[in-house]
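Here is what each chain is made of, one letter per residue.
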Amino acid sequence: CHNMEFPKICPAVIIGVTDGDKILMSKYAGRTYKKYALLAGFTEIGETLEETVQREVMEEVGLKVKNIRYYKSQPWSFSDSAMIGFFAKLEGDPSITLQESELGEAKWFSREDVPDLPSTISVGQEMITLFKNGGDPFCQR
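Computed from a prediction, not measured in an experiment: that's the story for all the values here.

**What about the pattern of salt bridges?**
Link 1 in the chain: Under the criterion given, the structure shown has seven salt bridges.
Link 2 in the chain: Note that Glu59 is salt-bridged to Arg55, the shortest N-O span being 3.3 Å. Of the two residues, Glu59 and Arg55 are both situated in helix H1 (residues 49–61); the distance of four residues between them amounts to about one turn of the helix.
Link 3 in the chain: Overall, Glu59 belongs to the partly exposed group, its relative accessible area being 39%.
Link 4 in the chain: In this structure, Lys132 and Asp116 form a salt bridge, with 2.5 Å as the shortest nitrogen-oxygen distance. One end of the pair, Lys132, is in helix H2 (residues 123–132); the other, Asp116, is in the loop between strand E6 (103–110) and H2, with 16 residues separating them in the sequence.
Link 5 in the chain: Since its relative accessible area comes to 26%, Lys132 is described here as partly exposed.
Link 6 in the chain: Put simply, Glu44, Glu47, Arg55, Glu56 and Glu59 are held in one network by salt bridges that share partners.

Written out as structure tokens, the structure reads:
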């Protein structure tokens, strides 16, 4: 029938927010996944990926970020999206204001205190491991 289909792809960002030798990790509110993860969110229409990083961090934890750096991307089949990884540095006060409708917890972890997480093939897990093992995410790629 020569019908062509173009699947919808919804870009999402995953963000490693750092403050020196600390990284911000969170737990989702009301979800079955109970492990720590990086902040994440979907890009809105008319928004750049970098603007998504800034907005999501501000909405979820009330923090400002700077030096936003692309890390890596991957297809994310769970939601017909592409997951795009970024690292960003904290700008200003590190005090967290939690968006309780999205997150159940968020806190800063030093490299040695980053919790062990189940091995996955996700870009988020790779970013956490890079940071935990002493890599400088702003000198990668």
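**Concerning the packing of aromatic side chains**
Link 1 in the chain: Overall, the coordinates contain three aromatic pairs when judged by the stated rule.
Link 2 in the chain: With a centroid separation of 6.0 Å and an interplanar angle of 75°, the aromatic rings of Tyr70 and Phe86 are classed as edge-to-face. Placement of the pair is Tyr70 in strand E4 (residues 64–76) and Phe86 in strand E5 (residues 81–91), with a sequence separation of 16 residues.
Link 3 in the chain: Assessed through its relative accessible area of 49%, Tyr70 is described here as partly exposed.
Link 4 in the chain: Across from the ring centre of Phe131, 4.1 Å away, lies the NZ or CZ of Arg111, which sits over that ring.

Analysis parameters
- The numbers attached to residues start from 1 for each chain and follow its sequence in the written order.
- Given that the model is predicted, a residue must reach a pLDDT of at least 70 before its local features are reported, and side-chain atom pairs must reach 80 or more before they are shown or counted; all residues, however, enter totals for whole chains, interfaces and linings.
- To get the side-chain values, take all heavy atoms of the structure and skip hydrogens and water.
- Definition used for salt bridges: Asp or Glu carboxyl oxygen within 4 Å of a side-chain nitrogen of Lys or Arg.
- The helix and strand labels rest on DSSP assignments: H or I over at least four residues marks a helix, E over at least two residues marks a strand, and numbering proceeds from the N terminus.
- Remark: exposure states derive from per-residue accessible area (1.4 Å probe, protein chains only) relative to the maximum for the residue type, with buried under 20%, exposed over 50%, and partly exposed in between.
- Under the pairing criterion, centres of Phe, Tyr and Trp rings, with the six-membered ring standing for Trp, must be within 6.5 Å; the plane angle then separates stacked pairs below 30 degrees from edge-to-face pairs above 60, leaving the rest tilted.
- Put simply, a charge is over a ring when the Lys NZ or the Arg CZ is close to the ring centre, within 6 Å, and near the line of the ring normal, within 35 degrees.

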